[in-house]
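Understanding the architecture of this molecule
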Amino acid sequence: MELKSNSSAVKRDEIDRPLADFPVNIWADPLTSFSVSHPESERNKEKLTSLKETVKELFMASKEKPIENIKLMDALCRLGVSYHFEDEILEQLEKMFGCHDFMQMIRDSESDLYTVSLVFQVFRQFGYKLFVNVFDKFKNKDGDFKEHLADDARGLLCLYEAAHWSTHGEDILDEALTFCRSHLERLVSWSSPHLVVRIKNALKHAYPRGISRIETRQYISYYEKEDAHDQILLEFAKVDFNRLQILYREELGQVYRWYKDLDLSSKLPYARNRTVESYLWAVGAYFEPCYSKERITLAKFIIILTLVDDTYDAYGTIEELEPFTDALIRWNPSGTEGLPENMRYLHHVVLNFFDKLDEDMEKEGKSGCGLYAKKSMMVNARAYLREAKWLSQDYVATFDEYKENGIYSACYLAILTVSFLEMVDEATLDVFKWLSTIPPLLVSSALIARLCDDIATSEFERKRKHVGTAIDCYVKQYGVSREKALEEVKVMALDSWKSLNQELMTRPQPFPFPIIVRFLHLSRVIEVFYKDTDIFTQPELMKDYVVSLFLENIVI
Ligand SMILES: CC(C)=CCC/C(C)=C/CC/C(C)=C/COP(=O)(O)OP(=O)(O)O
């Protein structure tokens, strides 16, 4: 039986520790609750193969009609099954993107708001920067969106989503966001219940910012109620979803067994126990079955990072954190004498985790990659210590100092490095070298993480001894109110999204799409976990996602 908050579980000592009242874990025994009752049957596998063949035929047949073909791609993406046809989709988009007649057809006055927005989204989502001038025809001579569009719910919804693919300087997309949001909020009160659910979901997390599996789950329910749905496509999506759910449950079991064997919950009682939520983080990074090994490793790493983060923020004193950091940076297995038992244990867990990965990489013939991963962990430790020193000196950093360190304290260098390690086909040593130079793609993802986390957690963190957040640092540097600082930091987070979009659409890309798209997926996790509040720390708020992705299958 777990205690009501982590701080009450910690044995008191003489030391004044910055303990946090984190809500306790709510998934008492994942091994039982998520266990798989029947493995996937042969019949099911055969069914999936035959449905896939039929859907492929549909796709091939639609090639004759490019707009229909793109609409089908969009449906495949939203239903979570496009990964089965990724090569075909990319090949088609490449052809269309270079085709003048096709582009003319999109600009053509015949195509409506829904169609143009949908085509725009599909291209941008796969890294093709379709120009924003495709939307010019929806404006009147005063430069405003035409009034009659305000009642076109489907068109507005699609334009609203499309506008999330904006890059710097694309003002028409910023205007579209404001225009669509206000009309969608109005339409909520008089649209059909079926559409209202979709509008509300989109206003909460627009599809381009959502975690793929969550979006898929929601879209399957919506699509099923659409009059014009395709029965084969729907069945394919459902069977595929349920099949992946079984895989996720097995993986979660493995992650939890590892956690339990290491006895991490009782060894580090002051820290958040977030096995299930960390696993969901990893599913957000990659949902496809081929990434099973990567998902398990990433989930374990998020768990470890949470323990490390809480050790710096909610347990260690500066006298302890300095030698702890030093032992991590030196990768010295015996450098922690004199530290509390739990910190010594954590140090041992971190070193073991990376040493094992390093060994595995050597065995795979990927010499040198594991070293980049260890170095990324050292970078984290340095950034965490810098924050801990600021706190111990009661020093509020300037915003510039904080932001510079925040790119590292967000841990996205380490998360991305670890996420690539086992992608043996795509992640060459060059990928790790490039990542270690902190390229713009990484800067944008890390800033999204740092700023969104601070926006969501600054009030909670003000209640305890905690280093100043981006908001406090902004107040200090610019002498503005907290409200104004919060507003400015929100604008910066949105700007980081624009930079990220820009980088995702830069061509040619230095590395294959599965590498580049990881930055997007990992940023989407942040958007969902930290949008209005920190749902990673408050598992009750994440519970519905866990249930719908891992516990309830879809009735076929
Ligand atoms: C910044 C961010 C969301 C990074 C994500 C990467 C990461 C470290 C994941 C695992 C641990 C975690 C949830 C930290 C955020 O905790 P927290 O809210 O206490 O973060 P803080 O101590 O850095 O403010």
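Residues numbered from 1 in each chain as written. Predicted model: local features only at pLDDT ≥ 70, side-chain atom pairs only at ≥ 80, totals over all residues. Heavy atoms only, no water.

1. Thoughts on the layout of surface pockets
Basically, it comes down to this: Only protein atoms enter the calculation, which uses a 1 Å grid: trapped sets of points that fit a 1.4 Å probe without letting it out are cavities, open sets showing protein on both sides within 12 Å along at least five of seven lines are pockets, and any residue with an atom within 4 Å of a point is a lining residue. Grid points are joined across faces, edges and corners, and a volume is the space filled by probe spheres set on the points. Labels follow the DSSP assignment, with helices taken as runs of H or I lasting at least four residues and strands as runs of E lasting at least two, numbered in each case from the N terminus. The residue classification treats Ala, Val, Leu, Ile, Met, Phe, Trp, Tyr, Cys and Pro as nonpolar and Asp, Glu, Lys and Arg as charged. All others, Gly included, are polar.
Quantified by volume, the largest pocket comes out at close to 740 Å³. The wall of the largest pocket is formed by 28 residues, among which Arg181, Arg209, Leu494, Glu527 and Lys531 lie closest to the centre. Residue contributions to the lining of the largest pocket peak at eight residues, all from helix H23 (residues 482-504). Residues that form the lining of the largest pocket fall into these classes: 14 nonpolar, four polar and ten charged.

2. Observations regarding the UniProt feature "domain: Terpene synthase N-terminal" (unreviewed entry) in the protein chain
The cut-off we apply is this: UniProt positions are given in the numbering used here, feature names are shortened, and annotations may be inferred rather than shown by experiment.
UniProt marks residues 34-203 with the feature "domain: Terpene synthase N-terminal" (unreviewed entry), using the numbering shown here. Along residues 34-203, the helical share is 62% and the strand share 0%, with 31 Å between the first and last C-alpha atoms.

3. Quick notes on the packing of aromatic side chains
To be explicit about the condition: Note on aromatic pairs: the rings of Phe, Tyr and Trp (six-membered ring only in Trp) are paired at centre separations within 6.5 Å, and the planes decide the class, stacked below 30 degrees, edge-to-face beyond 60, tilted for the rest. In this scheme, a residue with accessible area under 20% of its type's maximum is buried, one over 50% is exposed, and one in between is partly exposed, where area comes from a 1.4 Å probe on protein chains only. Working rule: Lys NZ or Arg CZ, within 6 Å of ring centre, within 35 degrees of ring normal, means a charge sits over the ring.
Applying the stated criterion across every chain yields a total of 34 aromatic pairs. Arranged with centres 6.0 Å apart and planes meeting at 85 degrees, the rings of Phe123 and Tyr128 form a pair that is edge-to-face. On the accessibility criterion, Phe123 (0% relative accessible area) is buried. An angle of 35 degrees between the planes, with centres 4.5 Å apart, marks the rings of Tyr474 and Tyr478 as tilted. Pair noted here: Tyr474 and Tyr478 are both in helix H22 (residues 470-478), with a separation of four residues, about one helical turn. Look at Tyr474 and you get buried, because its relative accessible area is 10%. Taking the relative accessible area as the measure of exposure, Tyr478 reaches 42% and is therefore partly exposed. Cluster of aromatic residues (ring-pair linked, three or more members): Phe97, Phe102, Phe123 and Tyr128. Against the face of Tyr222 rests Arg198, its NZ or CZ located 4.6 Å from the ring centre.

4. Focus on the site of the ligand
Put simply, the rule reads: One heavy atom suffices: a residue is near a molecule or strand as soon as one of its heavy atoms comes within 4 Å of it. Any pair of nitrogen or oxygen atoms within 3.5 Å is treated as a polar contact; in protein, a donor-acceptor pairing is required on top of that, and neighbouring residues in sequence qualify only through side-chain atoms on both sides. Using the Shrake-Rupley algorithm and a 1.4 Å probe, accessible areas are obtained, with residue cover drawn only from the displayed protein chains. Just a note on the criterion: a molecule sits in a pocket or cavity if more than half of its atoms are within 2 Å of the grid points.
Within the structure, the ligand sits among 20 residues, and Arg272, Asp309, Asp313, Arg450 and Asp453 are positioned closest to it. In the environment of the ligand, an oxygen atom lies 2.4 Å from a nitrogen or oxygen atom belonging to the side chain of Asp313. Protein burial of the ligand: of its 540 Å² of free accessible surface, 98% is covered by the chains. The site holding the ligand turns out to be the largest cavity. Residue assignment for the shell around the ligand shows that the elements contributing at least two residues are helix H14 (292-314), helix H19 (412-421), helix H21 (440-462) and helix H24 (513-530). In the shell around the ligand, the residues fall into twelve nonpolar, two polar and six charged.

5. Details of empty space enclosed by the protein
To find leftover empty space, one rolls a probe the size of a water molecule over the atoms. In total, this model carries two cavities of 30 Å³ or more according to the counting rule given. In this structure, the largest cavity encloses a volume near 490 Å³. In terms of lining, the largest cavity is formed by 34 residues, of which the most central are Arg272, Asp309, Tyr384, Asp453 and Tyr530. Here the element with the most residues in the lining of the largest cavity is H21; it accounts for seven residues. Residue classes in the lining of the largest cavity are distributed as 16 nonpolar, seven polar and eleven charged.

6. Thoughts on the environment of Pro323
Rule in force here: Throughout, a contact is declared for two residues whenever any of their heavy atoms are within 4.5 Å.
Residue placement: Pro323 occurs in helix H15 (residues 318-329). Once the C-alpha coordinates of Pro323 and Ser265 are considered, the two residues, 58 residues apart in sequence, prove to be 23 Å apart. If we ignore the near neighbours within four places in the chain, the residues touching Pro323 are Gly335 and Leu339.

7. A look at the confidence of the model for the protein chain
Should pLDDT be low for a region, the predicted coordinates there are not to be read in detail. The line we're drawing: By definition, pLDDT measures how confident the predictor is in each residue, and it falls between 0 and 100.
Looking at the protein chain, the pLDDT average stands at 93 and 97% of residues meet or exceed 70. Listed scores for the predicted complex are pTM 0.95 and ipTM 0.97.

8. Structural notes on the pattern of salt bridges
Quick reminder of the rule: Here, a salt bridge means any side-chain nitrogen of Lys or Arg that lies within 4 Å of a carboxyl oxygen of Asp or Glu.
Under the criterion given, the structure shown has 31 salt bridges. Two residues, Asp174 and Lys498, come together in a salt bridge whose shortest N-O distance is 3.0 Å. You can see Asp174 sitting in helix H8 (residues 171-187) and its partner Lys498 sitting in helix H23, a full 324 residues away along the chain. Where Lys374 meets Asp355, a salt bridge forms, and the shortest distance between an N and an O atom there is 2.9 Å. Linking Lys374 in helix H17 (residues 369-392) with Asp355 in helix H16 (residues 341-363), this pair joins segments that are 19 residues apart in sequence. Ionic contacts of the salt-bridge type, sharing partners, join the residues Asp74, Arg78, Glu161 and Arg198 into one network.

9. Observations regarding the side chain of Thr417
Mapped onto the secondary structure, Thr417 falls in helix H19. Accessibility expressed as a relative area gives 3% for Thr417, which makes it buried. Excluding residues within four positions of it along the chain, Thr417 makes contact with Tyr372, Ala373, Ser376, Phe432 and Leu435.

10. Quick word on helix H11 (residues 231-261)
To keep it simple, the criterion reads: In this analysis, the expected span of each helix is defined as 1.5 Å times one less than the number of residues it contains.
Look at H11: 45 Å from first C-alpha to last across 31 residues, which is about the 45 Å you get at 1.5 Å a residue. Of the residues flanking the start of H11, the one acting as N-cap is Asp230, its side-chain oxygen 2.9 Å from the backbone nitrogen of Ile232. Looking one or two residues past H11, Asp263 carries a phi angle of roughly 55 degrees, positive in sign.

11. Considering the environment of Glu161
In this structure, Glu161 sits in helix H7 (residues 153-162). For Glu161, a relative accessible area of 2% puts it in the buried group. For the pair Glu161 and Lys389, spaced 228 residues apart in the sequence, the C-alpha separation amounts to 42 Å. In this structure the side chain of Glu161 is engaged in a polar contact, spanning 2.7 Å, whose partner is the side chain of Arg78.

12. What about H7?
Of all ten residues making up H7, nine are buried, and the element is well covered by its neighbours. Residues of H7 that are buried: Ala153, Gly155, Leu156, Leu157, Cys158, Leu159, Tyr160, Glu161 and Ala162. At its buried positions, H7 is contacted by helix H3 (66-78), helix H6 (113-125), H8 and helix H9 (193-204).

13. Here's the deal with the packing of helix H18 (residues 399-409) against H22
We apply this condition: Each axis is a line fitted through C-alpha atoms, and for a helix only the stretch in contact is used; angles between axes span 0 to 180 degrees, taken between their N-to-C directions. Any angle between 65 and 115 degrees counts as roughly perpendicular, while under 35 counts as roughly parallel, over 145 as roughly antiparallel, and the rest as oblique.
It is the contact of H18 with H22, at a shortest axis distance of 8 Å, that shows an interaxial angle of 150 degrees. In terms of their interaxial angle, H18 and H22 are classed as roughly antiparallel. Across from Phe399, Asp400 and Tyr402 in H18, the residues of H22 making contact are Ala470, Cys473, Tyr474, Gln477 and Tyr478. Of the residues belonging to the contact of H18 with H22, the class tally is six nonpolar, one polar and one charged.

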